[in-house]
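In case you want the letters, here they are:
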Amino acid sequence: MSAAPVQGSIRRRLLVQLLGGAMLLAVALFIIVQSLARQLAQDSQDNILTAAASAMLDTVAMQDGALQVDLPYAAFSMLSSLGNERVFYAVHAPSGLVTGYQDLVPIAGTGTRFDTRAFRGEDMRLITATRMLALEQGPLPVTVTLAQTRDGLSRTVDQIVAMAAALGTGFFLSVAVLAGLAARTSIGPILRLTESVERRGPQDLRPVTAPVPAEMAPLVGALNTFMDRLKISLQRSEEFIADAAHRVRTPLATVRTQAEITLRRVEKEENRASVREMIRAIDESSRAAGQLLDHAMVTFRTDHLEPETIDLGALCEDTVERLRPMADLRDIDLRVTLCARPTTSGDRILVQSALRNVLDNAIKYSQPESEVDVTLRARSGMAALEVRDRGIGFPAGGPEGLTGRFVRGANVEGVVGSGLGLTIAEEVARAHGGHLSAQNNEEGPGACVTLCFPSA
Amino acid sequence: MRFLLIEDNDNLARAAVDRLSLDGHVVDHAGSLSEAQDFAATTDYDLILLDIMLPDGDGRSFLKAHRERRAETPVIVTTARSEVSDRVSVLDLGADDYITKPFDFSELEARCRAVLRRRGGAASNLKQLGDVEFDSLSGTLRIGDNSIRLRNRELRLFEVFASSPDQIFSKAKLLDRLFSYDEEATENAIEVYVGRLRRHLQGSRAAIVTVRGLGYRLTVT
């Protein structure tokens, strides 16, 4: 059976689509969770910084002509709620630094403003808030700047990100498993249909009746219609071969019979010679036609082999009995020896036809009043049907090539034949998993042809 | 022998009837199944030659009915279909043998003889030639207490002579009767077989004599 050309795979396409989608979703999930986490972390830090800055600004007051800033406990306890972060602060008035770290420069601008920048070699979040201190001489802007490290925060964010990654991977893996299952269930009916079609015997062309999913119904419908057509065309070709044989052979039979009658009645030797030639030609053409049609039928039947168990011993005896009258005509003794009684599995009519063709050759090419031995043996799992004659044997080049179609030995001039006998025999043996071997007898003249079939 | 030939092709049937009568057989021809049944019911045949494809039905149904009647007459099926093309062999349906058209009448004769031998034969096959009793079915010559088994070609040759004693048969004609058309046989071969028959007939009143320039004939004194 030849494999169909393959383009793509439904299962693979399904898997790729499902897994691709799952991959995109997992990555999106990861990115969203990650940025949300960062955003949330930043927002909460900013809120705390805002609260701490305004708490500090609240404590700014003018005492004895100097600006006083209390560092409120609440502000620092808020700031420490984020973990072990370090905090730097600076309070500026228009006149300059009031208190805090000199090098902490407020963020330029107005209102409450945030920034992330490097300070003292570390990545920090900064807030600058301004409050107008109402004084007798007019409002005085006081600016508080806070900087906080982000170590603990980024650790937390990292944890959340790692969790998001694990979540994404887990999501992807579970979707992958589900996708595999889905692909398998959706392919299942196709596989079951394939299997049920494959399990069928070659002659089983009944429609598929097992229920299939709605999507596959048109396919199965088409398959059933196709099998119907195939069945009809097979029947037709079988009938055609048989009919062709009938059409060719009946008129030939009439001509041959008339020729035989003429030969009996004609006295003149040269007329008799031409009638004899005529009969020979008729035999030649009818034999060729017969063998051709046999060959067609053998090919047809080997393609649709319906094996049964064959008792080779019985088959051997039957076939020899059928041919005995032919052998008798030339006083050839057909002897059957059954050394074993092996059976084989195959088409009885085909195996019989193989043996008949080999035997037919043996009888044809034997000397009159000689013997043809048919021996059935069993050896190493094979049943061997050996036909040994004492005839002219194979030509000097050996039997090579004689199983080819229309190939006849170089030494068979004068014997009617079609060159298909060994071809048929060999094809039958091959179709049954066996083989045909042919050689000349080692002692004395004649040929030995062996048909081997696997023992059943 | 008396044959019933069941064959729907008239040309072939006529030729076959002519050909069989050349060997001294009596043949009735039926062109259809119904005709064949009429013949078979009223006449006793030694052998029925049955074609499988007939206008009013399959020859196999005749075969079945014939076997169900427990009729003893052997049936040889003549078929133009190849043996490979029929899934059910006619032998399984009760035919005694079958032969594929076109056939050599000597093959048909050989098959008839084999079938009749298997069936036990009839007394009508015995022929007395002087003190020689010839059984053409088993192929034996009995001279007094001495019984000789003839080989097939000797048998067929002797049959030719015994069919019409005193008639002269040329070597060429005998050659046609004895050898198939694709065998290269010379007239010397006939001399060999005649020589053998002469040895078998030694001491009897039957003899094959040479008619110089013409051939041989069987004489009984």
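Residues numbered from 1 in each chain as written. Chains lettered and ligands numbered in written order. Predicted model: local features only at pLDDT ≥ 70, side-chain atom pairs only at ≥ 80, totals over all residues.

(A) Highlighting the interface of chain A and chain B. Taken residue by residue, the interface counts 41 residues in chain A and 33 residues in chain B. Within the residue set of the side of chain A that touches chain B, elements represented by two or more residues are helix 4 (217–265), helix 5 (269–303), helix 6 (312–329) and helix 7 (348–364) of chain A. The greatest single-element share of the side of chain A that touches chain B, amounting to 16 residues, is contributed by helix 4 of chain A. Its residues placed into classes, the side of chain A that touches chain B shows 18 nonpolar, nine polar and 14 charged. (Contact = placed C-beta atoms within 7 Å. Helix = DSSP H or I, 4+ residues; strand = E, 2+ residues; numbered from the N terminus. Nonpolar A, V, L, I, M, F, W, Y, C, P; charged D, E, K, R; others polar.)

(B) Structural context of the sheet that holds strand 2 (residues 26–30) of chain B. All names here are of chain B. With parallel pairing, five strands are arranged side by side in an open sheet as 2-1-3-6-7. Taken across any chain shown, the strands that pair with only one partner, and hence form the sheet edges, are strand 2 and strand 7 (97–100). Neighbour to neighbour, the strand axes of the sheet diverge by 20° on average, direction disregarded. Two elements, strand 1 (residues 2–6) and strand 2, share five bridges in a ladder whose sense is parallel. Across the sheet, the residue bridging to Leu4 is Asp28, located in strand 2. Packed onto the sheet, helix 4 (residues 105–118) meets strand 3 (47–51), strand 6 (75–79) and strand 7 and runs at close to 175° relative to strand 7. (Pairing = 2+ DSSP bridges. Axes fitted to C-alpha atoms, helices over the stretch in contact; angles between N-to-C directions.)

(C) Fine view of the sheet that holds strand 7 (residues 138–149) of chain A. All names here are of chain A. Read from one edge of the open sheet, five strands run 4-3-7-6-5, paired in antiparallel fashion. Only two strands of the sheet have a single neighbouring strand rather than two, namely strand 4 (96–100) and strand 5 (113–119). Taken pair by pair, the neighbouring strands of this sheet meet at an average axis angle of 30°, ignoring direction. Alignment of strand 3 (residues 87–93) against strand 4, held across four bridges, turns out to be antiparallel.

(D) Local environment of the packing of helix 4 of chain A against helix 5 of chain A. All names here are of chain A. Where helix 4 contacts helix 5, the two axes come as close as 10 Å, and the packing angle between them is 165°. Judged by the angle between their axes, helix 4 and helix 5 are roughly antiparallel. For the pair helix 4 and helix 5, the sense of crossing is left-handed. (Parallel < 35°, antiparallel > 145°, perpendicular 65-115°, else oblique. Left-handed = near helix turned anticlockwise from the far one by under 90°.)

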